[in-house]
Amino acid sequence: MYDFDYKRPSTLDEAASLINEDSVLLAGGHTLLPTLKQRLAQPETLVDLSAIDSLRGVCPDGDKLAIGAMTTHAEVANKATIPALASLAGGIGDPQVRNRGTIGGSVANNDPAADYPAAVVGLNAVVNTNKRAISADDFFVDLFETALDEGEIITNVTFPTPDAAAYMKFDNPASRYAIVGVMVAKTSGGVRVAVTGAGPCVFRQSEMEAALSGDFSPRALENINVSADGLNSDIHASAEYRANLIKVLAKRAVAQING
Amino acid sequence: MTTETGIGASVRRKEDKRFIIGKGRYLDDITKPGQTYGYFVRSPHAHAKINNFDATEALNAPGVVAVLTGPDLEADGIGPIICGWGITSKDGTPHKAPAHPALAIGHVRYVGHQVALVVGETLQEAKNAAELVEIDYEELPHVVEVGDALAEGAPQIHADVPGNLSFDWELGDKAAAEQAISNAHHVTRMDLRNNRVIPNAMEPRAALSEYDMGTDEITLYTTSQNPHVHRLVLSAFNGVAPEHKLRVIAPDVGGGFGSKIFIYSEETVCAWATKKLNRPIKWTAERSEAFLSDAHGRDHETHAEMAFDSYGKILGLKVSTKANVGCYLSTFASAVPTYLYGTLLNGQYTMPAIYVEVQAGFTNTAPVDAYRGAGRPEATYVVERMIEIGAREMGIDPGEIRKRNFIAPDAYPYETPVIMTYDSGNYALAMDKAQEAIEYQGFEARKAESAQRGKLRGIGYSSFIEACGIAPSAAVGSLGAGVGLWESAQVRFNPTGSVTVFTGSHSHGQGHETTFAQIISDQLGVPIDQVEISHGDTGKVPFGMGTYGSRSLAVGGSAIVKAVDKIVEKSKKIAAHTLEASVEDIEHAHGVFSVAGTDKKMTMAEIAFSAYVPHNYPADVEPGMDETAFYDPLNFTFPAGTHIAEVEIDPETGTTEILDWVAVDDFGNVINPMIVEGQVHGGLAQGIGQALLENCVYDKESGQLLTGSYMDYCMPRADDLPTFRVQTINTPCTTNPLGVKGCGEAGAIAAPAALMNAITNALGKEIDMPATPEKVWRAAQDL
Ligand SMILES: Cc1cc2nc3c(=O)[nH]c(=O)nc-3n(C[C@H](O)[C@H](O)[C@H](O)COP(=O)(O)OP(=O)(O)OC[C@H]3O[C@@H](n4cnc5c(N)ncnc54)[C@H](O)[C@@H]3O)c2cc1C
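Cut-offs and rules
Sequence order as written defines residue numbering, which begins from 1 separately in each chain. Written order determines the labels here, with chains lettered from A and ligands numbered from 1. Predicted model: local features are reported for residues with pLDDT of at least 70 only, side-chain atom pairs are reported and counted for 80 or more only, and whole-chain, interface and lining totals are derived from all residues. Only hydrogens and water are removed before side-chain values are computed, so all heavy atoms of the structure are retained for them. Annotation comment: domain bounds sourced from an automatic or database domain assignment. Note on geometry: axes are lines fitted to C-alpha atoms, helical ones only across the stretch in contact, with angles between N-to-C directions running from 0 to 180 degrees. Elements are defined by DSSP. Helices are runs of H or I of four residues or more, strands are runs of E of two residues or more, and each kind is numbered from the N terminus. Between 65 and 115 degrees an angle is taken as roughly perpendicular, under 35 as roughly parallel, over 145 as roughly antiparallel, and anywhere else as oblique. Left-handed is the label given to a crossing in which the near helix is rotated counterclockwise from the far helix by less than a right angle, and right-handed is the label when the rotation is clockwise. Residue contacts are counted whenever heavy atoms from the two residues lie within 4.5 Å of one another. Buried area: the sum, over both parts, of the accessible surface (1.4 Å probe) that disappears when the two are put together. For salt bridges, the criterion is a side-chain nitrogen of Lys or Arg within 4 Å of an Asp or Glu carboxyl oxygen. Definition of a polar contact: a pair of N or O atoms within 3.5 Å, with one able to donate and the other able to accept a hydrogen when the atoms are protein atoms, and with sequence-neighbouring residues admitted only if both atoms are side-chain atoms. Throughout, the ten residues Ala, Val, Leu, Ile, Met, Phe, Trp, Tyr, Cys and Pro are labelled nonpolar, Asp, Glu, Lys and Arg are labelled charged, and all others, Gly among them, are labelled polar. In these notes, residues near a molecule or strand are those with any non-hydrogen atom within 4 Å of it. In this analysis a 1.4 Å probe is tested at points of a 1 Å grid over the protein atoms alone, and where it fits but cannot get out there is a cavity; an open set with protein on both sides within 12 Å along at least five of seven lines is a pocket; lining residues have an atom within 4 Å of a point. Grid points are joined across faces, edges and corners, and a volume is the space filled by probe spheres set on the points. Categorising residues by exposure relies on relative accessible area from a 1.4 Å probe, with only protein chains included: less than 20% of the type maximum marks a residue as buried, more than 50% marks it as exposed, and the intermediate range marks it as partly exposed. Only strands that DSSP links by at least two bridges are regarded as paired with each other. Only residues whose relative accessible area exceeds 30% and that form no salt bridge are eligible for patches; like-charged ones are grouped when within 9 Å, while nonpolar side chains (Val, Leu, Ile, Met, Phe, Trp, Tyr) are grouped when within 5 Å. The method behind every accessible area is Shrake-Rupley, applied with a 1.4 Å probe, and residues are considered shielded solely by the protein chains displayed. Residues counted as positive are Lys and Arg, residues counted as negative are Asp and Glu, and His and the chain ends are not counted. Working definition for charges: the position is that of NZ of Lys, CZ of Arg, CG of Asp or CD of Glu. By nonpolar core we mean a set of buried residues, namely Ala, Val, Leu, Ile, Met, Phe, Trp, Tyr and Cys, connected to one another through side-chain atoms within 4.5 Å.

S.K.: Provide a residue-level description of the domain arrangement of chain A, including the pertinent values.
M.R.: For chain A, the domain assignment lists domain 1 (1-51) and domain 2 (164-258). Here domain 1 of chain A and domain 2 of chain A have C-alpha centroids that lie 34 Å from each other.

Printed below as a string of structure tokens:
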């Protein structure tokens, strides 16, 4: 780790004023600190968001659930009133990770194997920042890339309550990130199927969404041929295997929703 | 009288208090005044020539004390890292072990290869400076798989090792094995891969060296399983200091699994550099350094042929193995795929003819050496997979075929065709108990129930044998070992009756402080809290050979018994004198010395006191009560048993769930059943890890270690494992005074074959380890 300055502002405005091209926001630190320890990044200043109370908490807001960016996975697992979201958060990493890692950090980082992107896209959430509101479909751009501008701070993520939803995850046996994770949701805007882990970035499986809109049953997915093209391939899983898992997990999510 | 703390009692581990309250003293907990920090510059390439090395900028960086290199070591006459076991090839030539300088000279041969030591006032400064060392590497072609390394036209790793072949060794009767195969009713032929694993002890390797100018003595604290062996090698071969001026201390060590037996570059360099710089130097491996540079385990490519008659009796076994030894021969690397492997291919069976040949190949990977089981898991994997597959091919029940082949309980001593003489065993009893425990008869019904849920259920056996209690010095000497493998013990009574036992064994998780104390408590009637076990410091303990190969109790424990015998003999003389009886009339039981047929007696504590305050004392007996014994075992010990695993596979995802695990092990007599059970659990976790989860992968293209962190290298976690159902049977070992066989490696030896037999039974198809979800899914889906 290289030397750096450490700032811990207590307001969002103060945080925003501290951000420049040589500083980095610090949330739970579970991605950022390993990067620093391996000397893969050399920021001059870390701006720790943990003293900004307004960034924390799980707040029901009508038919929506607003989750502050600095809310830990453990808190979401315990308090989120959307069961699929709570169970997704409860399946992230291990207890240490869940008690440090935050939804803001996870979403901003956009790791291709992270769980939250599937929830944000699958449940059609909105990512709110200190500057604007970004819809889920626009937020995740590519591998580790989001629609956030330099220095833009996520304040919270608002999830519309779905009619029903389920998240199925196939763990990487080593890291326990998702080799594939599938969120299936019945929302006011129709059926959504979001896939994480499988590709460079979370994506919607529109063929499945269409099939499930007509017949919301595992059977409806039976004849869908999930292509391995463009999917990730590594020492843990080939693209072909990931394609299989997308279908298996989607069917299981639907089965769970149908009880 | 000492039943609660004596032999056979599940005494709680005395050492656990300090570990649980955070008072264990591991290497990194130790700090010396004026300490500096070492950081190793390592090769980023699999194979390269060093064209230029420039430390100018690094030396000018803040806080830098020194930058030391291979040529510096050479200039000071520090010898290369050695291999301590000579293997002779088929053609009579000795194995080829290219020079292995502790810091690279001219070439680097694997990713992580130690190139230079940067010493800084702080670790941060050492690391900062390490980034400023400029090395001009010229990359050379590399090879990481042993099959590729031994193939025609492979990149040449060492100029003096043609074809990358260290040795081509054989054991057994080739003609007899081939004849058995050609005359057989059935021959099972298989290619088997024993996957490469990374040991991952919880405490990474570390060293702290300190030089005392006044006494000219170097003290090296290091994470060693055998501090005296470290001292011997560092003195005799590396020339770091004369033996009497080098003290090696292995304090609390957080796991070894074999990987801390070896004498590595890092501690060698630290031991040398402390005197050169006249500053203490601490180096603690980061986890990523551990992945790169700890000696790895296993890595065999094997072709095997097992011949059967029509009744399923084994007629012969022929095995041809290519063993990856990494880029240099580590301390015991040559013994592992030879005398710790070929000699166990007889398994628990009567096998009239066995032949094994092993080619050891160098690759551009970390050295490979002993890892929990060392050679014996590889042997068990071959034998137990082959007999299982043979049974499948011949339509014989896998339990039944083993029973038809077991050596009978009255056939001991039993001499195998691969130079081992088994002293005792009862293989059918272990099998019967295991089958009963797992309710083997009900398996088909359970399988049908799983099938109804769309799941594939499988059951698999492993009737393993191992050679432990390593080992009779004359025997290993004749096979090429550079050392003897006896053990030492010193039993010292203090005047007030408490005891300190100095043992040459080293505990790094095994529970010696409890088990060894139980022996003293049992035999000499000393309350267990009055017994202290001291180990790990060459300045305190008599020369000892350390802990590996499940040898501590069978060899080190036996040495304690021998020292106790001397204590008893001396005590009898003192008791006879004091009680005015003849020595022949003194009877001893559990620390009470009585005159036969009378009520006159003395306790051990009274005798010890009189030995230190000899006011009324026999003229021909020395004062003091402090006896040392060295014990050289008469034979290996042969723990054996049957494990049965039951699994359920989800064919849609390829996930394997272990539903049940029964282990029936014959460890001979058991001193502490709780510790034994713990050892079995740990071994099983590692064996299951190898079969299901762990896999060391080097990228063929780049030579980089792809599994260099826990993000990619999968260690087993508690929720990957079932509740183990562990039993022991107890056929005493006939060749050591405690009748014990050793239990530390059994789980790791037995587990891989049992689990792979269960998985392939469920699949109806053979696959190699590790049985990753994708591999299992492909097999289940016929892809
Ligand atoms: C062992 C381990 C296992 C894990 N397993 C999983 C898993 O199974 N599934 C999973 O999804 N994740 C997993 N994670 C990731 C973890 O849960 C966190 O989600 C992740 O580390 C990022 O969150 P953080 O709060 O730690 O962010 P940090 O590491 O603090 O920050 C990450 C990045 O986000 C930026 N950032 C942080 N907050 C904001 C904000 N409010 N606005 C804008 N940018 C911001 C930072 O500047 C930084 O670039 C695992 C992590 C570890 C260490």
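Next comes the rest of the write-up.
S.K.: Talk me through the packing of helix α18 (residues 673-693) of chain B against helix α19 (residues 746-763) of chain B; I want residue IDs and the actual numbers.
M.R.: Helix packing for two helices is described by the angle between their axes and how far apart those axes are. All names here are of chain B. Direction vectors running N to C along α18 and α19 enclose 45°, while the axes themselves pass 7 Å from each other. Overall, the two elements α18 and α19 adopt an arrangement that is oblique. When you trace α18 past α19, the crossing you get is right-handed. Counted together, V680, G683, L684, G687, I688, Q690, A691 and L692 of α18 and G747, A748, A751, P752, L755, M756 and I759 of α19 form the full contact between these two elements.

S.K.: Now, about the interface of chain A and chain B: what can you tell me, with residues and values included?
M.R.: Counting residues at the interface gives 23 residues for chain A, matched by 24 residues for chain B. Taking both sides of the interface into account, the surface hidden between chain A and chain B amounts to around 1,900 Å²; carbon and sulfur atoms contribute 47%. Taken together, the links from chain A to chain B amount to 6 salt bridges. Here A:E240 and B:R778 are joined by a salt bridge, their closest N and O atoms 2.9 Å apart. In this structure, the connection of chain A to chain B is made through 17 residue pairs in polar contact (both at pLDDT 80 or more). For the side of chain A that touches chain B, the element with the most residues is helix α11 (residues 239-258) of chain A, which contributes 7 residues. Taken together, the residues that form the side of chain A that touches chain B break down as 11 nonpolar, 5 polar and 7 charged.

S.K.: Tell me about the site of the ligand, and name the residues and values.
M.R.: All names here are of chain A. If you check the shell around the ligand, you find 29 residues, and the closest are L25, G29, T31, T102 and D115. The backbone of A27 places a nitrogen or oxygen atom 2.8 Å from an oxygen atom of the ligand. Measuring from a nitrogen atom of the ligand, one finds a side-chain N or O atom of D115 at 2.7 Å. Contributing elements (two or more residues each) for the shell around the ligand: β2 (23-26) and α6 (103-109). A total of 4 residues in the shell around the ligand trace back to one element, the largest contributor, which is α6. Its residues assigned to classes, the shell around the ligand shows 14 nonpolar, 11 polar and 4 charged. Mapped onto the domain boundaries, the shell around the ligand takes at least three residues apiece from domain 1 (1-51) and domain 2 (164-258).

S.K.: If you had to explain empty space enclosed by the protein to someone new, which residues and values would you point to?
M.R.: Residues and elements named next belong to chain B. Summed over the entire model, instances satisfying the criterion amount to 8 cavities of 30 Å³ or more. Volume-wise, the largest cavity comes out at about 110 Å³. What lines the largest cavity is a set of 13 residues, among which H100, I263, Y264, S265 and P367 lie closest to the centre. For the lining of the largest cavity, a count of residues per class yields 7 nonpolar, 6 polar and no charged. Residue-level mapping places the lining of the largest cavity at the junction of two domains, with at least three residues from each of domain 1 (37-140 + 205-284) and domain 2 (297-471 + 635-780).

S.K.: Quick rundown of the side chain of B:H158? Include the residues and the values.
M.R.: Residue and element names in this part refer to chain B. Following the sequence through the fold, H158 ends up in the loop between α5 (146-149) and β7 (165-172). For H158, the side chain forms a polar contact with the side chain of R109, separated by 3.3 Å. H158 has contacts with P98, R109, N164, C327, Y328 and F362, leaving out every residue within four places of it along the chain.

S.K.: Kindly report on the pairing of strand β15 (residues 353-361) of chain B, identifying the contributing residues and their values.
M.R.: Residue and element names in this part refer to chain B. For β15, a buried count of 8 out of 9 residues is recorded, marking the element as mostly surrounded by other parts of the structure. Here β7 runs beside β15; their pairing, made up of 7 bridges, is antiparallel. By the bridge assignment for β15, L171 is matched with V356. For strand β14 (residues 314-324) and β15, the ladder comprises 9 bridges, and the chain directions are parallel. Within β15, the residue paired with K318 across the bridge is Y355.

S.K.: I'd like to hear about a negative patch on the surface, residue by residue, with values.
M.R.: Together, A:D5, A:E21, A:D22, A:E44 and A:E150 make up a negatively charged patch on the protein surface. For A:D5, a relative accessible area of 46% translates into the label partly exposed.

S.K.: Give me the nonpolar core: which residues, what numbers.
M.R.: Residue and element names in this part refer to chain B. If you look at the biggest cluster of nonpolar residues, it comprises 157 residues, and the most contacted ones within it are W661 and I759. In terms of residue count, α19 provides more of this core than any other element does, 12 residues in total. In contact with I759, other than residues within four places in its own chain, are V647, I649, T656, L692, I767, A771 and V776.

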